[in-house]
Amino acid sequence: MSSLSLYKVLEMPRPKKKRKVNYPPKMLGFKPFGIRFRDAEHVIMQFEEYEALKLVVYDNLSQDEAAEKMEVSRPTLTRIYNSALKKIGQGFVEGKSILIEGGDFEFEEDWYKCKTCFKLTAGKDNGPKCDDCPPSNTEDLVNLNV
C-alpha cells in the first residue's frame, strides 16, 4: 500500500451510528403564536434531537440513562441535547417555526402516520392500517422509517 493511499484511509471519518428513537413525535413541528407559518423562517430539529430532549426533560432521565436508551455515548447525547436546546432557543427568541425531520436515527419498530387523521400507528404483522379511518385508507399511511 502506498503512503498516499494509507493517508487517505486514515483521514476517512468513522461512519455515524444511527441513534435509537423509541416513538415518533405526535406533531410535525411547532410554530409561534401570532406569526403566519408561511411568513416565518424555520429551524429544523432532527428526530434524535427531539428524542434527546424528550428523554432528558420530559421523561426526567439522567443524561447517562438517556444515552443508554438512544445507544450513544454520554458525550454524544450531550451534544445532541445541547443542539436541540439551541434550536428551541433560536425559535423562541427569533419567532421561528420548529420543524422536526431528518437525522441519523432509526425507530425501535416500524411507524406509520395516517395522512387523513394524522394518527400514529405501529407496524403490524398483517400490514399497517389506521383504526380510525375506513379500511380503504391503507394507501394513506406514510412510513416514517424511511
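Data block above holds the structure.
Below, the structure is looked at part by part. Predicted, not measured: the structure shown is a model, and the values here were computed from it. (Residues numbered from 1 in each chain as written. Predicted model: local features only at pLDDT ≥ 70, side-chain atom pairs only at ≥ 80, totals over all residues. Heavy atoms only, no water.)

This next bit is on the overall build of the protein chain. Along the backbone of the protein chain there are four helices and eight strands. A burial count over the protein chain gives 34% of its 146 residues as buried. Intrachain contacts of the protein chain at a sequence separation of at least 6 include 70% that bridge at least 24 residues. Element-wise, carbon and sulfur atoms account for 55% of the exposed surface of the protein chain, whose accessible area totals about 10,100 Å². (Helix = DSSP H or I, 4+ residues; strand = E, 2+ residues; numbered from the N terminus. Buried < 20%, exposed > 50% of the residue type's maximum accessible area, 1.4 Å probe, protein only. Contact = heavy atoms within 4.5 Å. Areas by Shrake-Rupley, 256 points an atom, 1.4 Å probe, with all protein chains shown as cover.)

Moving on, we come to the packing of aromatic side chains. This model, assessed by the stated rule, comprises four aromatic pairs. Aromatic side chains Phe-47 and Phe-105 sit 4.6 Å apart centroid to centroid with 35° between the ring planes, which places their arrangement in the tilted category. Linking Phe-47 in helix H2 (residues 47-58) with Phe-105 in strand S5 (residues 105-107), this pair joins segments that are 58 residues apart in sequence. Geometrically, the ring pair formed by Phe-105 and Phe-107 is edge-to-face, given 5.1 Å between the ring centres and 75° between the ring planes. For Phe-107, a relative accessible area of 8% gives the class buried. Through a chain of ring-to-ring contacts, three or more aromatic side chains come together here, namely Phe-47, Phe-105 and Phe-107. (Phe/Tyr/Trp six-rings, centres within 6.5 Å; stacked < 30°, edge-to-face > 60°.)

If you trace the three strands from one edge of the open sheet to the other, you get S7-S6-S8, paired in antiparallel fashion. The sheet is open, and its two edges are formed by strand S7 (120-122) and strand S8 (141-143), each paired on a single side. Here the strands of the sheet are splayed against their neighbours by 35° on average, with no regard to which way each runs. For strand S6 (residues 111-114) and S7, the ladder comprises three bridges, and the chain directions are antiparallel. When the bridges of S7 are listed, Lys-113 appears paired with Leu-120. (Pairing = 2+ DSSP bridges. Axes fitted to C-alpha atoms, helices over the stretch in contact; angles between N-to-C directions.)

Here the focus is helix H3 (residues 63-70). Of the positions making up H3, those classed as buried are Ala-66, Ala-67 and Met-70. Considered in projection along H3, the buried side chains sweep an arc of 100° and stay on one side of the axis. Facing away from the buried side of H3 by more than 90 degrees, the exposed set consists of Asp-64 and Glu-68. Against the buried residues of H3 lie strand S1 (19-21), H2 and helix H4 (74-94). After H3 finishes, the residue Glu-71 shows a positive phi value of roughly 60°. (Arc of directions from axis to C-beta.)

Turning our attention to the nonpolar core. The biggest cluster of nonpolar side chains holds 24 residues, and the ones touching the most others in it are Phe-47, Ala-52, Met-70, Leu-77 and Phe-107. Among the elements that take part in this core, H2 stands out by supplying six residues, more than any other. With sequence-adjacent residues up to four places away left out, Ala-52 is seen in contact with Met-70, Leu-77, Ile-80 and Tyr-81. Cys-114, Cys-130, Cys-133 and Leu-141 belong to the second largest nonpolar core, which has five residues in total. (Core = buried A, V, L, I, M, F, W, Y, C linked by side-chain atoms within 4.5 Å.)

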